Structures are given as C-alpha cells and as structure tokens.
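Commentary on secondary and tertiary structure
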Amino acid sequence: MSTINTYQKITKSASRCGKAPIYVSLYVSRQKVELPTGISIPIKYWDETKRRIRSGEKGAADKNLIIERIQARVNDVLVRARLKNKKLTKDSFIRAFNRPDDYDTFFDFIDFYQKRLSARIEASTMNIHKTVIKKLKEYNPELHFDDITHEWLEDYYIYLRKKLKNNENTAYKNMSTIRKYVRAAVRLGYMEENPFESWAIKRTTASYIYLTEEELERLVGLYNEKSLEDKYQDTLEFFLFLCFSSLHVGDAKQLRIEQISSTHLTYYRIKNRNKKPLPIIIPLSEPLKKNS
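Okay, so let's go over this structure. (Residues numbered from 1 in each chain as written. Predicted model: local features only at pLDDT ≥ 70, side-chain atom pairs only at ≥ 80, totals over all residues. Heavy atoms only, no water.)

1. Here's the deal with the pattern of salt bridges
Taken as a whole and assessed by the stated rule, the structure comprises 7 salt bridges. Salt-bridge contacts for E48 lead to R51; the nearest nitrogen and oxygen are separated by 3.0 Å. Across the pair K134 and E138 runs a salt bridge, and its minimum N-O distance is 2.9 Å. Taken together, the residues span about one helical turn, with K134 and E138 both in helix α5 (residues 123-139) at a distance of 4 residues. For the pair shown, K134 and E138 are each scored as exposed. What you see here is one network of salt bridges that share partners, running through K9, K32 and E34. (Salt bridge = Lys/Arg side-chain N within 4 Å of Asp/Glu carboxyl O. Helix = DSSP H or I, 4+ residues; strand = E, 2+ residues; numbered from the N terminus. Buried < 20%, exposed > 50% of the residue type's maximum accessible area, 1.4 Å probe, protein only.)

2. Description of the nonpolar core
The biggest cluster of nonpolar side chains holds 33 residues, and the ones touching the most others in it are F106, F109 and M175. Taken together, the elements giving at least two residues each to this core come down to α4 (106-117), α5, α6 (150-163) and α7 (168-187). In this structure, F109 is in contact with Y103, F145, Y181, A184, A185, L188 and Y190, ignoring residues within four places of it in sequence. Within the second largest apolar cluster, 13 residues are counted, among which are L26, L35, A81 and F97. (Core = buried A, V, L, I, M, F, W, Y, C linked by side-chain atoms within 4.5 Å. Contact = heavy atoms within 4.5 Å.)

3. Details of helix α3 (residues 90-98)
What α3 keeps buried is the set S92, F93 and F97. Around the axis of α3, the buried residues are gathered within 135 degrees of arc, so they sit on the same side. Exposed residues pointing more than 90 degrees away from the buried face of α3 are listed as D91 and N98. Where α3 is buried, its residues touch β2 (19-28), β3 (31-42) and α2 (60-83). (Arc of directions from axis to C-beta.)

Dropping the structure here:
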C-alpha cells in the first residue's frame with residue numbers, strides 16, 4: 001500500500017513570512033498526489049518528527065484532527081480499492097477522494113436521489129420507482145455501485161424474466177427505471193462508467209386489452225338503463241368518459257367543469273405539468289355531447 005506522507009511545504013516566500021501550508025501526499029500508479037489540508041502555520045510550530053502541529057500553535061488540537069481526517073479518508077480510498085481489486089490511477093484516486101463513498105449501498109444513494117426526484121415527478125411515477133427498487137433490493141440487499149456491471153445487468157434481467165416470471169415489457173421497464181439512478185450516480189461522480197451504455201433496453205411492442213364495438217355498445221346500454229347501484233353507475237360513467245374522451249385516468253380525475261364547453265374540453269397533461277406544457281384541446285365526441 002502507498003505510504004501516506006504529511007509535511008509542511010516550505011517555499012522561499014513561506015520562509016520570508018514565517019508561515020507555510022501543510023500537505024498530505026502519496027504516490028498512486030507512480031504519480032505523486034498532493035492534497036492541501038487548508039492549514040497554514042508558523043514554521044516553528046511544525047513537528048517534523050511526529051508530523052503534527054505543536055501544542056504552542058493556536059487551535060493545534062483541532063488542526064491536527066483535520067489532518068488526521070484527511071489521512072483517514074486517503075486510507076479509506078486505498079483500502080476500498082484494494083478490497084475490490086480495483087487499480088487506481090491518479091485521476092480516479094482524486095475523484096474518489098473528493099467524492100468519498102457517502103453511501104454504504106446503492107440503495108442509500110437511491111433514497112437520497114428520490115428526495116430530489118419527488119419534486120419533479122408525479123406521485124404515481126414515484127410509486128412505480130419504489131416498487132422497482134423494492135424488487136431490486138430483494139434480489140441484492142447489499143448492492144454497491146461497483147457491483148453494477150454489464151454482466152450484472154444481464155443476470156438481473158434473466159432473474160426478472162425467469163425467476164419472477166415478468167414479461168418482456170415489465171422486465172425492460174424495470175431496467176429502464178434502474179438506469180435513471182445509474183445515470184444520476186455517474187453524473188454525480190459515484191460511478192465512473194455507465195454499464196447501460198453497453199446494455200441496450202429494447203423497445204417492445206405494447207400489449208393492449210381492448211373492447212370490441214359490441215362490448216362498448218352493451219356498456220353504453222347498461223349505463224342508459226340506470227339499473228346499477230349508484231357506486232357502480234358512477235364507475236361505469238367515469239369509464240365511458242375515458243373511452244369517449246381518450247383522456248388518461250389521472251388527467252380525467254383532475255378535470256374541472258369549467259374546462260368543458262359545448263364543443264370541446266381543454267386540459268393539461270399532469271405528467272408534463274412541470275415542463276410548461278401547452279393546453280390540449282379535444283373536440284367532444286357525439287356520445288359525450290349526448291350525456292354531458
């Protein structure tokens with residue numbers, strides 16, 4: 001393991017003013033890395049033997065603690081790399097040092113990042129994310145950033161398909177959600193590479209369950225009979241409104257009477273409300289006009 005050295009960097013200008021900064025240094029892949037401590041003290045208060053600030057300097061105990069914490073962080077980066085059999089370069093060491101491993105697992109990072117996302121995405125979407133992450137946590141509760149490789153993605157996709165019996169669409173949607181958090185981890189410096197760049201999420205053909213014209217006519221007839229209990233009549237009314245307006249159920253729930261005229265309805269997609277969306281105008285179909 002690299003030797004961690006702590007010293008006072010004395011230059012000609014430092015000698016003239018009587019003060020000099022303290023540095024921690026080491027060699028990584030035969031390249032020297034110098035880490036400033038942010039501490040500068042009179043030369044006479046640096047103990048070259050103990051590599052510590054002498055007690056005569058004001059705040060010596062606190063300043064020595066800062067030095068010890070930097071040394072501990074350096075050591076932590078080196079130990080983590082060694083345990084994972086990961087070869088460090090000067091650049092990768094500096095990135096790891098400046099962005100220490102704040103999260104014990106990938107899920108700790110997800111918890112942090114979801115707090116950011118919650119202000120930008122709908123609650124229903126966040127609930128889907130949480131379901132996907134819960135499934136992932138059951139598969140590997142100690143998942144770490146470095147575990148997520150191309151091979152790991154392939155293994156997890158197979159697990160979704162074969163073990164959990166997810167269909168192709170569901171499995172790829174799960175992977176797409178995980179990709180969002182991996183991209184965020186890469187962008188924020190917690191991962192050096194994005195394994196999804198070499199693992200493609202395929203676009204699949206959506207499967208739909210639809211009503212035949214005869215089935216829809218039967219439902220309209222049942223609605224016009226008004227023979228159902230009130231709660232079922234109201235449910236059927238809402239369902240037929242969706243059928244004849246083409247609105248998404250979430251958008252329909254937010255619709256207000258003032259948004260509906262005799263010829264059309266106007267609304268904004270809830271999904272896009274944080275993106276300055278344009279209003280959507282839908283002409284009223286004949287069935288809607290008859291029952292409006």
